[in-house]
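# Structural features, examined
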Amino acid sequence: MTEQQVIANQLCYTELVYQRINKKLIMNLTKVQIERFIYHVVVNADLVEQRGKNFYIYNNQNRIIVTVNANNYRVITVSKM
């Protein structure tokens, strides 16, 4: 199992992060759609970098960076590249 798969299988979310993802990506996705999208982004990541307590997951195809807490695998935010 790759590092991306390990992370993707353990992702968790807070209510606030769903709102944050929609706002940052200028989308209006449901919770299920967000979870599927982030899973796809993480599994197909081009680079996973751990800095401090976070993973920074880069997906060039979608031009997105997903920030995930390395201790509890909670999605913190997403950013456009």
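This text goes with the structure placed above it.
First, a word on what this report is: a plain description of the structure on this page. Starting afresh in each chain, residues are numbered from 1 along the sequence in its written order. The model is predicted, so local features are restricted to residues of pLDDT at least 70 and side-chain atom pairs to those at 80 or more, both for listing and for counting; the totals for chains, interfaces and linings are taken over all residues. Here the side-chain values reflect all heavy atoms present in the structure, with hydrogen atoms and water set aside.

### What to know about the pairing of strand 3 (residues 64–69)
Taken residue by residue, a regular strand's side chains alternate between the two faces of the sheet. Convention followed: The buried label applies to any residue whose accessible area, calculated with a 1.4 Å probe on protein chains only, is under 20% of its type's maximum; exposed applies above 50%, and partly exposed to all values in between. Runs of E in the DSSP output that reach at least two residues are strands. Runs of H or I that reach at least four are helices, and both are numbered from the N terminus. Two strands are counted as paired when DSSP detects at least two bridges linking them.
In terms of burial, strand 3 is a largely internal element, six of the six residues being buried. Of the two faces of strand 3, the one holding Ile64, Val66 and Val68 and the one holding Ile65, Thr67 and Asn69 are both buried throughout. Looking at chain direction, strand 2 (residues 54–59) and strand 3 are connected through six bridges and run antiparallel. When the bridges of strand 3 are listed, asparagine 54 appears paired with asparagine 69. Connecting strand 2 to the antiparallel partner strand 3 that follows it, the hairpin turn spans four residues, and arginine 63 within it adopts a positive phi of roughly 55°. In sequence, strand 3 turns back onto strand 4 (residues 75–80) through a hairpin of five residues, with tyrosine 73 there showing a positive phi of about 60°.

### Quick look at the packing of helix 1 (residues 3–10) against helix 3 (residues 31–43)
Helix packing for two helices is described by the angle between their axes and how far apart those axes are. Note the cut-off: For helices, the fitted axis covers only the stretch in contact; all axes are lines through C-alpha atoms, and the angles between them, taken along N-to-C directions, range from 0 to 180 degrees. Note on angle classes: values under 35 degrees are labelled roughly parallel, values over 145 roughly antiparallel, values of 65 to 115 roughly perpendicular, and the remainder oblique. Each crossing is labelled by how the near helix is turned from the far one, with a counterclockwise turn of less than a right angle marking it left-handed and a clockwise turn marking it right-handed. By the convention used here, residues are in contact when the closest approach between their heavy atoms is within 4.5 Å. Amino acids are sorted into nonpolar (Ala, Val, Leu, Ile, Met, Phe, Trp, Tyr, Cys and Pro), charged (Asp, Glu, Lys and Arg) and polar (every other residue, Gly among them).
Following both chains from N to C, one finds helix 1 and helix 3 inclined at 165°, their axes separated by 8 Å at the closest point. Regarding the angle of helix 1 to helix 3, the classification is roughly antiparallel. Of the two possible hands of crossing, helix 1 and helix 3 adopt the one that is right-handed. Only Tyr39, Val42 and Val43 of helix 3 make contact with helix 1, whose side of the interface consists of Gln4, Ile7, Ala8 and Asn9. Residue classes in the contact of helix 1 with helix 3 are distributed as five nonpolar, two polar and no charged.

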